[in-house]
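Close look at the chain arrangement
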Amino acid sequence: VGVASVLVGGAIGLVLGLLAGYFGGWVEAVVMRLVDVQLSLPGVLLAIAILAATGKGLLNVVLVLGFVSWVQYARIVRGSTLGVRAQEYVLGARALGATHARILSRHILPNILPPILVVATINVSSNILAEAALSYLGVGVPLSTVTWGGMLNEGKQVFELAWWNAIWPGLAILLVVFGINLLGDGLSDS
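These notes cover the structure that comes with them. Position numbers for residues count from 1 along each chain, tracking the sequence in the order it is written. Local features in this predicted model are restricted to residues whose pLDDT is 70 or higher, and side-chain atom pairs enter the listing and the counts only when it is 80 or higher, whereas totals over whole chains, interfaces and linings include all residues. No hydrogens and no water enter the side-chain calculation; it runs on all heavy atoms of the structure.

1. Things to note about the environment of N111
How we decide: To qualify as a helix, a DSSP run of H or I must reach at least 4 residues; to qualify as a strand, a run of E must reach at least 2; elements of each kind are numbered from the N terminus. Exposure classes here rest on a 1.4 Å probe applied to the protein chains alone. A residue is buried below 20% of its type maximum, exposed above 50%, and partly exposed in between. Whether two residues touch is decided by their heavy atoms; if any such pair falls within 4.5 Å, the residues are in contact. Within 3.5 Å is the distance limit for a polar contact, defined as a pair of N or O atoms, with the added protein rule that one can donate a hydrogen and the other accept it, and that residues adjacent in sequence qualify only through two side-chain atoms.
Note that N111 resides in helix α6 (residues 100–137). Judged by its relative accessible area of 41%, N111 is partly exposed. In this structure the C-alpha to C-alpha distance between N111 and T81, which are 30 residues apart in sequence, comes to 8.7 Å. Apart from the residues lying within four places of it in its own chain, the contact partners of N111 are V84 and Y89. A distance of 3.1 Å separates the side chain of N111 from the side chain of Y89, its partner in a polar contact.

Next comes the structure, spelled out in structure tokens:
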């Protein structure tokens, strides 16, 4: 769920951020207003509302978490694109007659990937936590599908008799999120 939702959100944010940063003008204004509107809403609350309307399911959770997280990518990609599009090699490619698609894919995108990868690793862990929270609340993945949030939900019901039913899934979430955050920290340092 964490990786798949990052791929969905990253793809949406990457395309919109590249277009906003490269073309500017009304494209940038529209995309950035959409970003501002979505940032004004709490992500988990928005995810709960959308899942309540669309229904439970693994695919729905992945798509909703991707939709909720695309704004972070759009902001970072737009800012990085603004810095790179003024570089001399981009201006040289434009002067040689390169198409917009070629400039975006060959000159701008490879130079803005490092900050995107750092945000992606951080978002994997936050989307794992969001999925666990949604499943714990009962609005995420159905209980018939095994998830850590669902295990926590079932474990709280028998906590007094069998505490390990809640401790082990919680510990697994903690270790995976901590490990992914360490990976993101290592990527940001390099």
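Picking up where we left off.
2. A word on the packing of helix α7 (residues 148–157) against helix α8 (residues 164–189)
Where we set the bar: Interaxial angles span 0 to 180 degrees and are taken between N-to-C directions of axes, which are lines fitted to C-alpha atoms, for helices over the stretch in contact. In this scheme, roughly parallel covers angles under 35 degrees and roughly antiparallel covers those over 145, while 65 to 115 is roughly perpendicular and the rest are oblique. Rotating anticlockwise by less than a right angle from the far helix to the near helix defines a left-handed crossing, while the corresponding clockwise rotation defines a right-handed one. Residue polarity follows a fixed list, in which Ala, Val, Leu, Ile, Met, Phe, Trp, Tyr, Cys and Pro are nonpolar, Asp, Glu, Lys and Arg are charged, and the others, Gly among them, are polar.
Contact pair α7 / α8: the axes reach a minimum separation of 7 Å and the direction vectors enclose 150°. It follows from the interaxial angle that α7 and α8 lie roughly antiparallel. For the pair α7 and α8, the sense of crossing is left-handed. On the side of α7, the interface is formed by W148, M151, L152, G155 and K156, while α8 contributes N165, A166, P169, G170, A172, I173 and V176. Class assignment for the residues of the contact of α7 with α8 results in 8 nonpolar, 3 polar and 1 charged.

3. Some words on the nonpolar core
The cut-off we apply is this: To qualify as a nonpolar core, a set must consist of buried Ala, Val, Leu, Ile, Met, Phe, Trp, Tyr and Cys residues joined through side-chain atoms within 4.5 Å.
Within the largest apolar cluster, 21 residues are counted, with the highest numbers of intra-cluster contacts made by L18, Y73, I103, I108 and I112. Of all the elements in the fold, those that place two or more residues in this core are α1 (2–23), α4 (58–84), α5 (88–95), α6 and α8. Ranked by residue count, the leading element in this core is α6, at 10 residues. Contacts of I108, omitting those with residues within four sequence positions, involve L18, Y22, T81, V84, R85, V90 and I103. Ranked by size, the runner-up nonpolar core spans 10 residues in total, among them A47, V64, L65 and V141.

4. Things to note about α4
What counts, and what does not: One fewer than the residue count of a helix, multiplied by 1.5 Å, yields its expected span. Note on bend: at a given residue it equals the angle between the axes fitted to the 7 residues ending there and to the 7 starting there.
With 27 residues, α4 ought to run about 39 Å at 1.5 Å a step, and its terminal C-alpha atoms sit 38 Å apart, in line with that. The largest bend along α4 reaches roughly 35° and is located at S69.

5. Some points on the pattern of salt bridges
Put simply, the test is: By convention in these notes, a salt bridge is any Lys or Arg side-chain nitrogen within 4 Å of a carboxyl oxygen on Asp or Glu.
On inspection of all chains with the given rule, the structure shows 2 salt bridges. Measuring nitrogen to oxygen at the nearest pair gives 2.6 Å for the salt bridge that ties R78 to E28. With R78 in helix α4 and E28 in helix α2 (residues 25–39), the pair connects residues that are 50 residues apart, well separated along the chain. The class of E28 is buried, set by a relative accessible area of 18%. The partner of D36 in a salt bridge is R33, and the shortest N-O contact between them spans 3.1 Å. Residue D36 and its partner R33 are located together in helix α2, separated by 3 residues, close to a single helical turn. Residue D36 is classed as partly exposed on the basis of its relative accessible area of 36%.

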